[in-house]
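Observations on the three-dimensional arrangement
The primary structure of each chain is shown beneath.
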Amino acid sequence: MAYEVLKDTEKRFWIKDTQAQLRLDMHKTRTDIWLCAIKDLTTGWITTARPFSKYPAAISQLHLNNTTCLMESCAGLGGLMPQLTRLNGSRPGRLVVVDMVNYEAIRSFLENINGYRTAPDEQTFFNTLIGRCEFMLGSEIELHNCTIKEALQDPSLIGSVDVLVENHGPASKSYRQKAHKRMDPAVYDPFLRPNGIKIIN
């Protein structure tokens, strides 16, 4: 892979993969993993990495079982799906992710950056994100690599979801407000079973 380091200071690290057209922006002085963003420069699609602790508290209060279907829209590199096995000692029977993210390209990008960066804390950081990519590409997740609009045309998803989670973008109030101006929460209703719930932040 060919890289272009755009910025590498004590506070910030930007690096671009000139072949895959991905750019990583990381706040180096912060431990909040969600302050990392990967942008696909060809589509403008931005992937963030919210830790489980930044998801709404209502999620940790869910009582899940092997008949529960939980779907996350725009999961990105968020920590919800990998963490679900620790929720009340149970996990859903069906884990669904709808996202346009190219997890294979991002995994390869991160693996190569991990060799480029040598600081132990940065290695841990990238290993966490690589692990999340692998989880999303693994057999435990039903990944629908498409937009919500396209997912609404999939009969296997309609009326099948007990809990739908949408945390579009990073834990930034201003970003969430902009995101929700573009996406009406009612668009998710067709996915829900009767008495299904939405957790939208």
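Keep in mind that this is a model prediction, so the values were computed, not measured. Throughout, residues of each chain are indexed from 1 in the direction in which the sequence is written. Local features in this predicted model are restricted to residues of pLDDT 70 or higher, and side-chain atom pairs are both shown and tallied only at a pLDDT of 80 or more, whereas totals for entire chains, interfaces and linings draw on every residue. As a rule here, side-chain values come from all non-hydrogen atoms in the structure, and water together with hydrogens is ignored.

Quick look at the sheet that holds strand S2 (residues 12-17)
Between any two strands, pairing holds if DSSP finds at least two bridges. For helices the rule is a DSSP run of H or I covering at least 4 residues; for strands it is a run of E covering at least 2, with both sets numbered from the N terminus onward. Spatially, the five strands line up as an open sheet ordered S1-S2-S3-S4-S5, and their pairing is antiparallel. Taken across any chain shown, the strands that pair with only one partner, and hence form the sheet edges, are strand S1 (3-8) and strand S5 (46-48). Neighbouring strand axes in the sheet, compared pairwise and without regard to direction, differ in orientation by 15 degrees on average. By the bridge criterion, five bridges tie S1 to S2 in an arrangement that is antiparallel. What counts as an axis is a line fitted to C-alpha atoms, over the stretch in contact for a helix, and the angles between N-to-C directions run from 0 to 180 degrees.

Focus on the packing of helix H3 (residues 103-116) against helix H4 (residues 120-137)
It is the contact of H3 with H4, at a shortest axis distance of 9 Å, that shows an interaxial angle of 160 degrees. Between H3 and H4, the crossing angle belongs to the class labelled roughly antiparallel. Viewed along their axes, H3 and H4 form a crossing whose handedness is left-handed. Where H3 abuts H4, its residues Tyr103, Glu104, Ile106, Arg107, Leu110, Glu111, Ile113 and Asn114 lie against Glu122, Gln123, Phe126, Asn127, Leu129, Ile130, Cys133, Glu134, Met136 and Leu137. Roughly parallel means an angle under 35 degrees; roughly antiparallel means over 145; roughly perpendicular covers 65 to 115; every other angle is labelled oblique. Whether a crossing is left-handed or right-handed is set by the direction in which the near helix is turned from the far one by less than a right angle, anticlockwise for left-handed and clockwise for right-handed. Only heavy atoms matter for contacts: two residues are in contact if any of them lie within 4.5 Å across the pair.

Let's talk about the nonpolar core
Side-chain atoms within 4.5 Å are what join buried Ala, Val, Leu, Ile, Met, Phe, Trp, Tyr and Cys residues into a set we call a nonpolar core. To sort residues, take the accessible area from a 1.4 Å probe on protein chains only and compare it with the maximum for the residue type: under 20% means buried, over 50% means exposed, and anything in between is partly exposed. In terms of nonpolar packing, the biggest core is built from 37 residues, with Leu24, Ile38, Leu77, Met81 and Leu110 touching the most fellow members. Contributing elements (two or more residues each) for this core: S2, strand S3 (22-27), strand S4 (36-40), helix H2 (80-83), strand S7 (94-98), H3, H4 and strand S9 (161-166). Here this core gets seven residues from one element, more than from any other, and that element is H4. Residues contacting Met81, with those up to four places away along its chain left out, are Leu70, Met71, Glu72, Leu95, Val96, Val97, Phe135, Met136 and Ile141. Ranked by size, the runner-up nonpolar core spans 13 residues in total, among them Ala151, Tyr188, Phe191 and Leu192.

Some remarks on the sheet that holds S9
Pairing is parallel across the open sheet formed by five strands, whose spatial order is S8-S7-S6-S9-S10. The open sheet has two free edges, formed respectively by strand S8 (142-144) and strand S10 (192-200), since each of these has just one partner strand. The sheet shows a mean angle of 20 degrees between the axes of neighbouring strands, direction not considered. One ladder, built from four bridges, connects strand S6 (residues 69-73) with S9; its direction is parallel. Residue Leu70 lies in a different strand from S9, and its bridge partner there is Val163.

Observations regarding the pairing of S9
Within S9, six of the six residues are buried, which leaves it mostly tucked inside the rest of the structure. Sheet analysis places S9 next to S10, joined by five bridges and oriented parallel. Looking at the pairing, Val161 lines up with Leu192 of S10.

Section: the packing of aromatic side chains
Note on aromatic pairs: the rings of Phe, Tyr and Trp (six-membered ring only in Trp) are paired at centre separations within 6.5 Å, and the planes decide the class, stacked below 30 degrees, edge-to-face beyond 60, tilted for the rest. In the structure shown here, the tally under the stated rule is three aromatic pairs. Seen from their ring centres, Phe125 and Phe126 are 5.3 Å apart, and the 80 degrees between their planes marks the pair as edge-to-face. Of the two residues examined, Phe125 and Phe126, each falls in the buried class. A cation over a ring is seen here: Lys7 above Trp14, with NZ or CZ 5.1 Å from the ring centre. In this structure, Arg50 packs its charged tip against the face of Tyr55, placed 5.6 Å from the ring centre. Two thresholds decide whether a charge sits over a ring: the Lys NZ or Arg CZ must be within 6 Å of the ring centre and within 35 degrees of the ring normal.

What about the pattern of salt bridges?
Basic side-chain nitrogens of Lys or Arg form a salt bridge, by our definition, when they fall within 4 Å of a carboxyl oxygen of Asp or Glu. On inspection of all chains with the given rule, the structure shows four salt bridges. One salt bridge connects Asp25 with Arg12, and the closest N-O pair in it is separated by 2.7 Å. Of this pair, Asp25 sits in strand S3 while Arg12 sits in strand S2, and the two are 13 residues apart along the sequence.

Section: the confidence of the model for the protein
Looking at the protein as a whole, its pLDDT mean stands at 85, while 86% of the residues score no less than 70. Taken element by element, the predicted model of the protein shows its lowest mean pLDDT in helix H6 (residues 173-182) (46) and its highest in S8 (96). In the model, residues 170-180 has pLDDT below 50 throughout and makes 17 contacts with residues more than four positions away in sequence or in other chains. pLDDT is a residue-level measure of predictor confidence that goes from 0 to 100.

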